[in-house]
Amino acid sequence: MNIPKIGNMNRRVDVYKKTRTTNEIGQVAYADTLVKTVWAQISPQSGSMQYQQTETVLSNLTHVITTRYESGVDIAVGDHFAYKGRRFEIEYIIDPDTEHRVLQFQCQEVEDV
């Protein structure tokens, strides 16, 4: 098992969760809320690009974002990371050695043009 060294977690990434709100006319809406900022390692894995008619670019470029276990234990599938204008949607979460040292988040990068 290749567990990254703590010194390799050299990126400050923001963690966002969807929070339920109510707008002025009483409708339920969801907003991204910054929860915390953590140290992480970002590793690209593979990828492809899809361009849609709405001028949105969906990048299937999959990344693994690694954090210390304690930093990531309250992060869930459906949350996302933000780093330098890039957004990484969390699809899977793995404790690679089951020793609760690090968590690896399998993410998909999504960008708006």
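It should be noted that the structure appears before, not after, this text.
Residues numbered from 1 in each chain as written. Predicted model: local features only at pLDDT ≥ 70, side-chain atom pairs only at ≥ 80, totals over all residues. Heavy atoms only, no water.

1. A look at the pattern of salt bridges
According to the stated counting rule, one finds 7 salt bridges in the structure shown. Asp74 is the salt-bridge partner of Lys36, the closest N and O atoms lying 2.5 Å from each other. Of this pair, Lys36 sits in strand β2 (residues 28–46) while Asp74 sits in the loop between α1 (69–72) and β5 (80–83), placing them 38 residues apart in sequence. In this structure Asp74 comes out as partly exposed when scored by relative accessible area, which is 40%. A salt bridge links Arg101 to Asp97; its shortest N-O distance comes to 2.3 Å. For Arg101, a relative accessible area of 46% puts it in the partly exposed group. Given a relative accessible area of 14%, Asp97 falls into the buried group. Put simply, Lys18, Asp32, Arg87 and Glu89 are held in one network by salt bridges that share partners. (Salt bridge = Lys/Arg side-chain N within 4 Å of Asp/Glu carboxyl O. Helix = DSSP H or I, 4+ residues; strand = E, 2+ residues; numbered from the N terminus. Buried < 20%, exposed > 50% of the residue type's maximum accessible area, 1.4 Å probe, protein only.)

2. Things to note about the pairing of β2
Inspection of the sheet shows strand β1 (residues 11–22) paired to β2 by 12 bridges, in the antiparallel sense. Residue Lys18 lies in a different strand from β2, and its bridge partner there is Asp32. Hairpin connection, β1 to β2: the antiparallel pair is bridged by 5 residues, and Gly26 has positive phi, about 85°. (Pairing = 2+ DSSP bridges.)

3. Some words on unusual backbone geometry
The phi dihedral of Thr98 falls on the positive side, at around 55°, and the residue is not glycine. You will see that His100, though not glycine, has its phi angle at about 55°, which is positive. Within the secondary structure, His100 sits in the loop between β6 (86–94) and β7 (102–112). With a relative accessible area of 44%, His100 lands in the partly exposed category.

4. Points about the environment of Glu70
Considering the arrangement of structural elements, one finds Glu70 in helix α1. The class for Glu70 is exposed, based on a relative accessible area of 56%. The spacing of Glu70 and His100 is 30 residues in sequence and 8.1 Å in space, taken between C-alpha atoms.

5. A word on the environment of Arg11
Structurally, Arg11 is set in strand β1. Between the C-alpha atoms of Arg11 and Lys84, which are 73 residues apart in sequence, the distance is 9.8 Å. When neighbours within four sequence positions are excluded, Arg11 is seen to be in contact with Val38, Trp39, Ala40, Ile42 and Tyr83. A distance of 3.3 Å separates a polar atom in the side chain of Arg11 from a polar atom in the side chain of Tyr83. (Contact = heavy atoms within 4.5 Å. Polar contact = N/O pair within 3.5 Å; in protein donor to acceptor, adjacent residues only side chain to side chain.)

6. Things to note about the pairing of β5
Two faces, one strand: in a regular strand the side chains alternate between the faces of the sheet. Here β5 shows a buried face lined by His80 and Ala82 and a second buried face lined by Phe81 and Tyr83. Of the strand pairs in this sheet, β1 and β5 are connected by 3 bridges, and their pairing is antiparallel. Across the sheet, residue Asp14 finds its bridge partner in β5, namely Ala82. The pairing of β5 with β6 spans 4 bridges and is antiparallel. Paired with Tyr83 across the two strands is Arg86, which belongs to β6.

Everything listed here is a matter of geometry and, on its own, says nothing about what the molecule does.
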